[in-house]
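Architecture at a glance
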Amino acid sequence: MLEAGVARDDLAHLYPDWINRGLRAAQRDHSWNFMRHVASVTMAAGTSSVALPDNFKQLQPQQGSVALYDAVDGYFPCEVLTRERILLARSSPQNGRFNVRVFLSNDGNQEFLNYLDNTTTAATFSIAYFRFLPPLVADSDENYLTREFEEMIQAKIKQIAFSTINDPQAGVELGLYEVEKRKAVAFDARQYVQGRNVRMGG
């Protein structure tokens, strides 16, 4: 992926790092639909927070991205607000036990899902989120980005590589990356809409 574009055998030991940095940057720049994932986390009784998965990027932008499990009624959606808004909302009437408000926090290393108060029993949540892909390890490893958007990923990786060695070609590669990313984002959106129509019977 880099040999032809960079051609620096003395820096070959940096190629794996550049590749994974490029892949991570592309995932930070856009929440691709293949990154959608659902996982369960359980907040222990007597606590008010639980760590979200290590690969967590952000919640999916939809109602019910966080849902609390109830033994009688199954999963029901939670309101995800800021801590400050939850505090203000405490002065408003509650709509029964199904009005569960939670907020996210980050300690600099990890994302957390939080209540304002300690739970009296263990609470299990379903989390619909965008996840980061694991880094590539072996030379033969690949993922959705490298398969479907090879030109975009190559440009981003080369931009990182050329920036490292202070080569002005980095600016050219960044421009190519932005062009390819726009095309990839449009393709990703079309694929998601088509897939959703199929799932809905449209």
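The coordinates are above.
1. With respect to the overall build of the protein chain
Looking only at helices and strands, one finds six helices and nine strands in the protein chain. Scored against the burial criterion, the 202 residues of the protein chain give a buried share of 39%. Nonlocal contacts in the protein chain, meaning residues at least 24 apart in sequence, comprise 67% of its contacts between residues at least 6 apart. Surface summary for the protein chain: the accessible area is close to 11700 Å², and the carbon and sulfur share equals 51%.

2. Examining the pattern of salt bridges
Taken as a whole and assessed by the stated rule, the structure comprises five salt bridges. In this structure, Glu142 engages Arg147 in a salt bridge whose closest nitrogen and oxygen atoms are separated by 3.8 Å.

3. Some remarks on the side chain of Glu173
Tracing the sequence through the fold places Glu173 in helix 6 (residues 169–199). Lys158 is the oppositely charged side chain nearest to the buried, salt-bridge-free Glu173, at an N-O distance of 5.1 Å.

4. Thoughts on the packing of aromatic side chains
In the structure shown here, the tally under the stated rule is eight aromatic pairs. An angle of 75° between the planes, with centres 5.9 Å apart, marks the rings of Tyr144 and Phe149 as edge-to-face. On the basis of relative accessibility, which here comes to 7%, the residue Phe149 falls in the buried class. Following the ring pairs from residue to residue traces out a cluster consisting of Trp32, Phe34, Tyr144, Phe149 and Phe187. Here the basic side chain of Arg24 rests over the ring of Phe132, its NZ or CZ set 3.7 Å away from the ring centre. Lys156 extends its terminal NZ or CZ atom over the ring of Tyr177, reaching a point 4.5 Å from the ring centre.

5. So, the environment of Phe149
On the secondary structure map, Phe149 appears in the loop between helix 4 (144–148) and helix 5 (150–164). Not counting residues up to four positions away in its chain, the partners in contact with Phe149 are Trp32, Tyr144, Ala184 and Phe187.

6. What about the nonpolar core?
One finds Trp18, Trp32, Leu145, Met152 and Ile153 to be the most contacted residues of the largest nonpolar core, which totals 23 residues. Going through the elements one at a time, helix 2 (15–29), helix 5 and helix 6 are the ones with two or more residues in this core. Top element by residues in this core is helix 5. It accounts for six residues. Membership of the second largest hydrophobic core comes to 19 residues, among which are Met43, Val50, Phe56 and Val100.

7. Comments concerning the environment of Ser40
Relative to the assigned elements, Ser40 resides in strand 1 (residues 36–43). Ser40 has contacts with Tyr75, Thr124, Phe125 and Ser126, leaving out every residue within four places of it along the chain.

8. Considering the packing of helix 2 against helix 5
Packing of helix 2 against helix 5 brings their axes to within 8 Å, and their N-to-C directions diverge by 120°. It follows that helix 2 is oblique to helix 5 by the angle criterion. Helix-helix and strand crossings are classified by hand; for helix 2 and helix 5 the assignment is right-handed. Side by side, helix 2 and helix 5 meet where Trp18, Ile19, Arg21, Gly22, Leu23, Ala25, Ala26 and Asp29 of the first sit next to Met152, Ile153, Lys156, Ile157, Ile160, Ala161 and Thr164 of the second. Among the residues making up the contact of helix 2 with helix 5, the classes are represented as 10 nonpolar, two polar and three charged.

9. A word on helix 2
Because each turn of an α-helix spans 3.6 residues, side chains separated by three or four positions in sequence point in the same direction. Its 15 residues give helix 2 an end-to-end C-alpha distance of 21 Å, which sits within 8% of 21 Å, the value for a rise of 1.5 Å per residue. All buried positions along helix 2 are accounted for by Tyr15, Trp18, Ile19, Asn20, Gly22, Leu23, Ala25, Ala26 and Gln27.

How each quantity is defined
Residues numbered from 1 in each chain as written. Predicted model: local features only at pLDDT ≥ 70, side-chain atom pairs only at ≥ 80, totals over all residues. Heavy atoms only, no water. Helix = DSSP H or I, 4+ residues; strand = E, 2+ residues; numbered from the N terminus. Buried < 20%, exposed > 50% of the residue type's maximum accessible area, 1.4 Å probe, protein only. Contact = heavy atoms within 4.5 Å. Areas by Shrake-Rupley, 256 points an atom, 1.4 Å probe, with all protein chains shown as cover. Salt bridge = Lys/Arg side-chain N within 4 Å of Asp/Glu carboxyl O. Lys, Arg positive; Asp, Glu negative; His and termini not counted. Phe/Tyr/Trp six-rings, centres within 6.5 Å; stacked < 30°, edge-to-face > 60°. Lys NZ or Arg CZ within 6 Å of the ring centre and 35° of its normal. Core = buried A, V, L, I, M, F, W, Y, C linked by side-chain atoms within 4.5 Å. Axes fitted to C-alpha atoms, helices over the stretch in contact; angles between N-to-C directions. Parallel < 35°, antiparallel > 145°, perpendicular 65-115°, else oblique. Left-handed = near helix turned anticlockwise from the far one by under 90°. Nonpolar A, V, L, I, M, F, W, Y, C, P; charged D, E, K, R; others polar. Expected span 1.5 Å × (residues − 1).

Keep in mind these numbers describe shape, not what the thing actually does.
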